Structures are given as C-alpha cells and as structure tokens.
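# Residue-level structural notes
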Amino acid sequence: MDGQVKVAVIYYSATGITYQMAQAACEAAGEAGAEVRLRKVRELAPDEAIRSNAGWQAHRLETQDVMEAEIDDLAWADVVIFGSPTRYGMIAAQLKQFIDTTGPLWANGALADKVYSAFTSTATSHGGQESTLLSLFTIFYHWGGVVVTPGYTDPSQFVAGNPYGASHTSNNGEIAPDHVALAATALTAKRAVRIGAGVKRGLAAG
C-alpha cells in the first residue's frame, strides 16, 4: 500500500468564498505531505441565474479549469475534505447532488474507514455554520467514516470558535476569508492528514 496519504478536497462555491477556503485546505494538506486533488462539484443553477450575479459569473469563469468531482475521487482518497456554503443551515444542493451519486461506493463499503472533515461559509453571522457541518457528519456516519474536526486543539481555535470545522462569515460574499478562517481551514486539513496517515498505517498493518 502506498504510504503517502491521498486527499480529495471537494467543494461547491458560487462566488468564490468557499473556493478560497478549499485552496487553503489543499495547500495545508500538501504541506503535511499529502497528495492532493482539488475538485469542484457540478453547477446545477441555470445560466440565467448565474449571469444575473456578477460575482457568480466571474467566479465560474475563474474556476472553469478546475476539474469536476467524480465518485472515483472518493474511491481514490484516504482523506476527503468537503467544503460548502450553507443553504438554510444545510449544505448546498450542488454538493448534496454529488453525494447522492455515491450509492454504489457506499454499497460496496468503499467509503468506509476513510477520514472525513469539512469547512463552510455563511453570508451572515452564525447563519447555520455548525448545523451545515453536522449535516455532513451525518453522511459520514452512514458511510462508516472517521470524522476528524479541528476541535480546540490549537490556541487559534479559541479565536475561531468553531470546533466542528473551519467556517467564515462573508457578509453576502463581500468579505474574503481572513487569516482566522484560513488558519482554521489549514488546521482542519492538517489534522485530517495526520489522523488519516495513522488510520492508513493501521489498516495496512492489519
């Protein structure tokens, strides 16, 4: 078994806030020694809706070369880190649609024994950050995954204040992730890689 931890960072972002957090997760995972894939999920919104929002349209063009996620990315990964903005306290429909295609992997047990983590962003303060992350964790429990969170394992987390995963408040997309949110995202990713490496070694040892 290849000893290097494989990490898939799979996200949805409309105007780029969650995308910036996904980039931070990828960078941190790479610094921790992992092989990393960055993947966006397929957009479901109609073109006219996207064109009506300048930020949304600009972000679609900015990330047109980012590969779309496939369920094979989940099969490949030892660690999966999901990112999503909140939608009424839950994950975005685009990410949920991707997750709903994973039935064949789940049925074969191919999603079990992997490490999973997550990050999120909201337009307003609070805005469902914790419930969005917890809704993702419910999926991981069904898969038989190992959920890794940042907790309060670093002093910076007492500033960030969200033990469930990295989160950011964007003021309706106007405020980019600050150093606090990006540090929390990096911590989330590095912990997932470290615990993922331990799980992988343990499984290989039988």
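Residues numbered from 1 in each chain as written. Predicted model: local features only at pLDDT ≥ 70, side-chain atom pairs only at ≥ 80, totals over all residues. Heavy atoms only, no water.

### Regarding the nonpolar core
As a reminder, the rule being used: Residues enter a nonpolar core if they are buried and are Ala, Val, Leu, Ile, Met, Phe, Trp, Tyr or Cys, with the set joined through side-chain atoms within 4.5 Å. Residue burial is assigned from relative accessible area. The probe radius is 1.4 Å, only protein chains are included, and a residue is buried under 20% of its type maximum, exposed over 50%, and partly exposed in between. Counting from the N terminus, the helices are the DSSP runs of H or I reaching at least four residues and the strands are the DSSP runs of E reaching at least two. For this analysis, residues touch if any pair of their heavy atoms sits within 4.5 Å.
Ile-10, Leu-74, Phe-82, Leu-95, Phe-98, Leu-136 and Trp-143 are the most contacted members of the largest nonpolar core, which totals 29 residues. Those elements that place two or more of their residues in this core are strand 1 (6–11), helix 4 (71–76), strand 3 (79–87), helix 5 (93–99), strand 5 (115–122) and helix 7 (129–143). For this core, the element with the most residues is helix 7, which contributes six residues. Here Phe-82 is in contact with Ile-10, Leu-74, Leu-95, Phe-98, Tyr-116, Ser-117, Ala-118, Phe-119, Leu-136, Phe-140 and Trp-143, once residues within four sequence places are set aside. Membership of the second largest hydrophobic core comes to 25 residues, among which are Tyr-11, Met-21, Val-66 and Ala-192.

### Here we look at unusual backbone geometry
The backbone of His-126 shows a phi angle near 65°, a positive value even though the residue is not glycine. Here His-126 is to be found in the loop between strand 5 and helix 7. A residue is classified by how much of its surface remains accessible, and His-126, at 66% relative accessible area, is exposed. One non-glycine residue, Asn-171, lies in the positive phi region at around 55°. Examined against the element boundaries, Asn-171 turns out to sit in the loop between strand 7 (166–169) and helix 9 (179–205). The partly exposed category is assigned to Asn-171, whose relative accessible area is 38%.

### Focus on the packing of aromatic side chains
Stated formally: The criterion for an aromatic pair is that two Phe, Tyr or Trp rings (for Trp, the six-membered ring) have centres within 6.5 Å, with stacked assigned to planes under 30 degrees apart, edge-to-face to planes over 60 apart and tilted to the rest.
Using the criterion set out here, one finds eight aromatic pairs in the structure. On the numbers, 6.3 Å between centres and 55° between planes, the contact of Phe-82 with Trp-143 is tilted. In this pair, Phe-82 sits in strand 3 while Trp-143 sits in helix 7, placing the two residues 61 residues apart along the sequence. Take Phe-82: its relative accessible area is 0%, and that puts it in the buried class. Summarising the aromatic geometry, the rings of Phe-137 and Phe-140 are spaced 6.0 Å apart at their centres and angled 40° between planes, so their arrangement reads as tilted.

### Some points on the pairing of strand 1
Look at any regular strand and the pattern is simple: side chains alternate between the two faces of the sheet. Heads up, the rule is: Any two strands with at least two DSSP-identified bridges between them are counted as paired. If you view a crossover with the strands going away from you and the path from the first strand over the helix to the second runs clockwise, you call it right-handed.
Taken across its six residues, strand 1 has six buried, putting it largely inside the fold. Along strand 1, one buried face is formed by Lys-6, Ala-8 and Ile-10 and the opposite face, lined by Val-7, Val-9 and Tyr-11, is buried too. The pairing of strand 1 with strand 2 (residues 35–40) spans six bridges and is classified as parallel. The residue of strand 2 that forms the bridge with Tyr-11 is Lys-40. In the classification by handedness, the crossover that spans strand 1, the intervening helix 1 (residues 17–31) and the parallel strand 2 is right-handed. By the bridge criterion, five bridges tie strand 1 to strand 3 in an arrangement that is parallel. Across the sheet, Val-7 pairs through a bridge with Val-79, a residue of strand 3.

### So, the environment of Ile-99
Here Ile-99 lies in helix 5. Looking at Ile-99, the relative accessible area reads 6%, which means it is buried. Taking the C-alpha atoms as reference points, Ile-99 and Val-41, separated by 58 residues in sequence, lie 9.6 Å from one another. Apart from the residues within four sequence positions on either side, Ile-99 is in contact with Ile-91, Leu-136, Ile-139 and Trp-143.

### Looking at helix 1
Turn by turn, an α-helix covers 3.6 residues, leaving residues three or four places apart pointing in a common direction. What counts, and what does not: Given the number of residues in a helix, its expected span is that number minus one, multiplied by 1.5 Å.
The end-to-end C-alpha distance of helix 1 is 22 Å, a good match for the 21 Å that 15 residues give at a rise of 1.5 Å each. By the burial criterion, the buried members of helix 1 are Ile-17, Thr-18, Tyr-19, Met-21, Ala-22, Ala-24, Ala-25, Cys-26, Ala-28 and Ala-29. Just beyond helix 1, the residue with positive phi is Gly-33, at close to 100°.

### Considerations on the packing of helix 1 against helix 9
To keep things clear, this is the line we draw: Axis definition: a line fitted to C-alpha atoms, limited for helices to the stretch in contact. Angles are taken between N-to-C directions and run from 0 to 180 degrees. Angle categories: roughly parallel below 35 degrees, roughly antiparallel above 145, roughly perpendicular from 65 to 115, and oblique for all the rest. By convention, the crossing between two helices is left-handed when the near helix turns anticlockwise from the far helix through less than a right angle, and right-handed when the turn is clockwise. Just so you know the grouping, Ala, Val, Leu, Ile, Met, Phe, Trp, Tyr, Cys and Pro go in nonpolar, Asp, Glu, Lys and Arg go in charged, and all remaining residues, Gly too, go in polar.
Here helix 1 crosses helix 9 at 45°, and the two axes come no closer than 8 Å. In terms of orientation, helix 1 and helix 9 fall into the oblique class. Between helix 1 and helix 9 the crossing geometry is right-handed. Between helix 1 and helix 9, the contacting residues are Gln-20, Met-21, Ala-24, Ala-25, Ala-28, Ala-29 and Glu-31 on the first element and Leu-182, Thr-185, Ala-186, Ala-189, Lys-190 and Val-193 on the second. Partitioned by chemical class, the residues of the contact of helix 1 with helix 9 number nine nonpolar, two polar and two charged.

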